[in-house]
Structure formats: structure tokens, C-alpha cells
Amino acid sequence: MKIATLDVTGCQYLDELHKRIKDALDFPDYYGENLDAFWDCLNTDCDVDFVTIVGSSTVAKELQPTMQEILAMFEENKQDWADSDCPFDYEVVS
């Protein structure tokens, strides 16, 4: 089982948020650093089985809607893979 920690504590800028995502989930260099690219990589290029998300409530106010969309995508990915041989899961620590 491959486990990753996505620490977004105190993120102030969108590019910083996407860099942390790319690094934590080991996304490929061609990751487009937007929500469409996040979804695509999460579903096809991510071999992480479990993600712990830390600091989601501490991102800048302007990033809160984006953070909520990212969390929704994690949930959708969890549901999509629930019945497979390679289930995905995540937890939000803060």
C-alpha cells in the first residue's frame, strides 16, 4: 500500500497549492496545475492508495473554494475505485 501525506498548511497561492499536490502525489512533470489536470492525474497517473490531507482549513481564504473542490474530487475518486482491486481512500486531518 502506497501512502502519501498532502500538507497544504498555510498555502497562500494557487501555484503553491498545486506544487504541493504534485510533489506529495508524485504527479508527472506534465501535470498542468489546474483542477482538470488534478482530476486526470488522480485517476490515471496516481499510484497512491491512501492520502492524508493536512492543513486544508488553513489555506488562504481565496483558496478555500478550490480546496473544497479538491476534497470533493478525492471523494469522487474514492467512490470510483471502491469496487476495484485497487481501492483508494483519504482522510482530512485538519
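For the structure itself, look to the data block above.
Residues numbered from 1 in each chain as written. Predicted model: local features only at pLDDT ≥ 70, side-chain atom pairs only at ≥ 80, totals over all residues. Heavy atoms only, no water.

1. Points about the pattern of salt bridges
(1) Moving on: If you walk through the whole model with that rule in mind, you get 5 salt bridges.
(2) Moving on: One salt bridge connects Asp47 with Lys2, and the closest N-O pair in it is separated by 3.1 Å. With a gap of 45 residues between them, Asp47 in the loop between α2 (35-44) and β2 (50-54) and Lys2 in the segment before β1 (3-7) connect regions that are remote in the sequence.
(3) Moving on: With relative accessibility at 48%, the residue Asp47 sits in the partly exposed group.
(4) Moving on: The partner of Lys78 in a salt bridge is Asp89, with the nearest N and O atoms 3.2 Å apart. (Salt bridge = Lys/Arg side-chain N within 4 Å of Asp/Glu carboxyl O. Helix = DSSP H or I, 4+ residues; strand = E, 2+ residues; numbered from the N terminus. Buried < 20%, exposed > 50% of the residue type's maximum accessible area, 1.4 Å probe, protein only.)

2. Considering the state of the cysteines
(1) Moving on: Per the counting criterion, the structure on display carries 0 disulfides.
(2) Moving on: Unpaired in terms of disulfides, Cys41 finds its nearest cysteine sulfur in Cys46, a separation of 8.6 Å. (Disulfide = S-S within 2.5 Å.)

3. Let's talk about the packing of aromatic side chains
(1) Moving on: Inspection of every chain in the model, using the stated rule, returns 5 aromatic pairs.
(2) Moving on: Each ring, one from Phe74 and one from Phe88, has its centre 6.0 Å from the other, and the planes form 5 degrees; the classification is stacked. Taken together, the positions of Phe74 in helix α3 (residues 64-81) and Phe88 in the loop between α3 and β3 (89-92) put the pair 14 residues apart, joining distant regions of the chain. This pair shows no difference in class: Phe74 is buried, exactly as Phe88 is.
(3) Moving on: Among the aromatic side chains, those forming a connected cluster through ring pairs are Phe27, Tyr31, Phe38, Phe74, Phe88 and Tyr90. (Phe/Tyr/Trp six-rings, centres within 6.5 Å; stacked < 30°, edge-to-face > 60°.)

4. A short note on the nonpolar core
(1) Moving on: Of all hydrophobic cores here, the largest spans 28 residues; its most connected members are Ile21, Leu25, Phe27, Phe38, Val51 and Phe74.
(2) Moving on: Listing elements by their share of this core, those giving two or more residues are β1, α1 (14-25), α2, β2 and α3.
(3) Moving on: Discounting residues that sit within four places of it in the chain, Ile21 has contacts with Leu6, Asp26, Phe27, Tyr31, Phe38 and Ile70. (Core = buried A, V, L, I, M, F, W, Y, C linked by side-chain atoms within 4.5 Å. Contact = heavy atoms within 4.5 Å.)

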